[in-house]
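# Reading the structure
The primary structure of each chain is shown beneath.
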Amino acid sequence: MGEIYVMKKELLLGNEAIAWGAVLAGVNIITGYPGTPSSEIVSTLADLASDYGFYVEWSVNEKVALEVAAGASYSGARTMVTMKQVGLNVAADPMMTLAYIGVKGGLVIVSADDPGPHSSQNEQDTRVYARMAKLPVLEPSDPEDALRLTVEAFEISEKFSIPVILRPTTRLCHGSGPVSIDREKARPSYNTPRKPGFEKDNKWVIFPALSRRRHQALWDMNQEFQSYFSAQPFLSTNIPAGTADTQPRHELGIVCCGVSRRYVKEVLAATAPTAADHDAAYPMLEVAAFPINSEAAAAFMKCCRKVLVVEEGDPMLEEELALIAQRFQLDTIISGRRDGKIPPVGELNADLVSAALFGSEMHRTSTPITDGFPDATTQPPSQQPDLPVRPPVLCAGCPHRASFYVWGQAARRHDAIFTGDIGCYTLGNAPPLDAVDTCLCMGASYTLAQGLKLAEPERPVVAFLGDSTFFHSGIPGMINAVYNDTPIKMVVLDNSTTAMTGNQPNPGMGQTLMGKQTVTIDPLAVAKACGVQFVREVDPFDLSASLATASEALQFPGPALIVMRQPCATLSKHTGRKARFAVDSDHCTSCGICLKKLGCPALVRKEGMIFINDSCTGCGICAQICPSGSIAEVQPHEN
């Protein structure tokens, strides 16, 4: 008798569950660009690729990632594209037209939103883009739901021949939960294209006449989505069907979507003795897909005098319910983020939901209100003490610290402007370095610098960009500076990795995500090919040589590009570099120049004396700037 297969629960991150959902759906090709909170989806799939026979890559940016995936989809492959919410801005150009053209193999766009925000430039809501593109959105509530809805997303994409957006948020992406994985279905033989082969057809060429027809088709398709999303797993309620006209109206109902569904259930579970009690406490409509089914939403609101809408991000669902109530002539009062019953910005949590329902935090005993909503426009004061503020800082031994120090020394006396970008090096804006005056979006440092230089021709402008961001979106800005002869100074901070999002590979490293050795794209060669006349490479840990090169670049009359190349300090753990430096207390004058100039966390003052702690990685910058020569290299660390 053969072995009996039993499907077991596994504890997974939400991102890991999404990855496994793609595997179970038979994904063939995965592309993406790293960005918190989405990065672990691709890294998980990369670990599974050889076992399950699919291809995965880090593309140079999100637009490229989506276009590569779209091409594969045209041939019938099932494809997934991952990014964070601001990455969707980069991918929006192809996405808007791809909605018109459609797809062949299922194409799922995972756009992870970051309410809070925890690690992003903004709190934008992916659903706004989806509404503009008229694409369906699935919004999971927990890791188990994420796996299930990922599989559903591929099925919907192929059923309607259209991209489908999956919208997890930070708490789901990085939260863990039990997930059932049917590994018997996750076999290499399962991963074959459903509709193989590209078929030549004018439908793949987007002429205006086709656009007009397809736009109408998208409108019609959205009506089909509403019908398709009318039942589980996309829509569920605890109100029995057909009771709206036979039962008294409930005073308050709750409509929730995505991870907010977990917050609501957590709050209700804390205020009711049993699951049956909290399920019966309030009528609930749980939404997992957009566009929402109008008839089902209207039937729910008809049963309630008031409705509280709990959602992460913008009040999209709240506004949609208001339109549905108007269309069906309902007098239900709808509240949420729009009217301030829930704070209009920031990430939700159980305490905020509790405050909206009960006028108090979850840990306080309270009675549900029935005569109106409490005022929860601000989060209630917590009984717990505030955590100490710990500002982010560049790692000990970070080469960016040396680069910023060099340019500060070379250019600050000229009242230079320093434009920065997205990455670890954004932290260069803090004292004592003070070397990042602007930060907008990926690749904008080179272009912002050009605008500043045009407005103030006499001031030097130095633009910093990481190596990964250079490939992502810095090259067009560099070409623009060359073409228009705008004499900015462009710096590539090349630390041989994509450090901020977890040390992912990039085109400058000579190795793909799947471990294949490939061509190393050198920013120096790219700059020369694009016509930059002043191109240099320096080691930022060699302060004297770097300072000389920076000074020379500032004197050059045209655009200049300098690559400051030194591996990320976190990589030293894997390269075997164990050097460190120490302070000779007999000669140290305690002047504090090393502290004041560098801000390195390895440098500390104790009882008036300067010490170097064990976080030192041996970069040696402090030794080069110490006026008394009191810092020197010591024996390597012992294992």
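Refer to the preceding data block for the structure.
Structure report, in brief. Owing to the predicted nature of the structure, the values given are computational and were not obtained by experimental measurement. (Residues numbered from 1 in each chain as written. Predicted model: local features only at pLDDT ≥ 70, side-chain atom pairs only at ≥ 80, totals over all residues. Heavy atoms only, no water.)

### Regarding the overall build of the protein chain
Broken down by element type, the protein chain carries 21 helices and 23 strands. Out of the 639 residues belonging to the protein chain, those deemed buried represent 53%. Contacts spanning at least 24 positions in sequence make up 78% of the contacts within the protein chain whose residues lie at least 6 apart. Carbon and sulfur atoms make up 54% of the accessible area of the protein chain, which amounts to about 28,100 Å² in all. (Helix = DSSP H or I, 4+ residues; strand = E, 2+ residues; numbered from the N terminus. Buried < 20%, exposed > 50% of the residue type's maximum accessible area, 1.4 Å probe, protein only. Contact = heavy atoms within 4.5 Å. Areas by Shrake-Rupley, 256 points an atom, 1.4 Å probe, with all protein chains shown as cover.)

### Some details on empty space enclosed by the protein
Per the stated rule, a full pass over the model turns up 3 cavities of 30 Å³ or more. The computed volume of the largest cavity comes to approximately 110 Å³. If you trace the largest cavity, you find 16 residues lining it, with C600, A602, C616, C619 and C622 closest to the centre. Grouping the constituent residues of the lining of the largest cavity by class yields 11 nonpolar, 4 polar and 1 charged. Within this model, the second largest cavity holds a volume of roughly 70 Å³. (1 Å grid on protein atoms, 1.4 Å probe; cavity = no way out; pocket = protein on both sides within 12 Å on 5 of 7 lines; lining within 4 Å. Points joined across faces, edges and corners; volume = space filled by probe spheres on them. Nonpolar A, V, L, I, M, F, W, Y, C, P; charged D, E, K, R; others polar.)

### Notes on the packing of aromatic side chains
Considering all chains together, one arrives at 13 aromatic pairs under this definition. Centroid distance W20 to Y52: 5.8 Å. Interplanar angle 80°. Geometry classified as edge-to-face. Here the residue W20 occupies a position in helix α1 (residues 14-24), and Y52 occupies one in helix α2 (residues 39-52), the gap between them amounting to 32 residues. The interplanar angle of 35° and the centroid separation of 4.3 Å between the aromatic rings of Y74 and W204 together place this pair among those described as tilted. Taken together, the positions of Y74 in helix α3 (residues 62-74) and W204 in the loop between β8 (176-180) and α8 (208-228) put the pair 130 residues apart, joining distant regions of the chain. The burial state of Y74 is the same as that of W204; both residues are buried. The ring of F160 has K159 sitting right over it, with the charged end atom 5.7 Å from the ring centre. (Phe/Tyr/Trp six-rings, centres within 6.5 Å; stacked < 30°, edge-to-face > 60°. Lys NZ or Arg CZ within 6 Å of the ring centre and 35° of its normal.)

### Quick look at helix α6 (residues 143-160)
In a regular helix each residue adds 1.5 Å, so 18 residues correspond to 26 Å; α6 covers 25 Å between its end C-alpha atoms and thus fits that length. Of all 18 residues in α6, 13 are buried; the element is thus mostly enclosed. (Expected span 1.5 Å × (residues − 1).)

### Quick word on the environment of D142
Its place among the elements puts D142 in the loop between β6 (137-138) and α6. Spatially, the C-alpha atoms of D142 and R171 are 9.0 Å apart, while their sequence positions differ by 29 residues. The residues touching D142, leaving out its near neighbours within four places in the chain, are L172 and R262.

### Topic: the packing of helix α11 (residues 294-302) against helix α12 (residues 316-327)
With their axes 10 Å apart at the nearest point, α11 and α12 run at an angle of 80° to one another. Between α11 and α12, the angle falls in the class roughly perpendicular. Counted together, S294, E295, A297, A298 and M301 of α11 and L321, I324, A325 and R327 of α12 form the full contact between these two elements. Broken down by class, the residue content of the contact of α11 with α12 amounts to 6 nonpolar, 1 polar and 2 charged. (Axes fitted to C-alpha atoms, helices over the stretch in contact; angles between N-to-C directions. Parallel < 35°, antiparallel > 145°, perpendicular 65-115°, else oblique.)

### Describing the pattern of salt bridges
Throughout the structure, instances matching the rule amount to 30 salt bridges. Between D125 and R127 there is a salt bridge, with its nearest N and O atoms 2.8 Å apart. With respect to class, D125 is no different from R127; both count as buried. A salt bridge links R167 to D125; its shortest N-O distance comes to 3.4 Å. (Salt bridge = Lys/Arg side-chain N within 4 Å of Asp/Glu carboxyl O.)

Interpretation note: all reported values are geometric properties and have no functional meaning in isolation.
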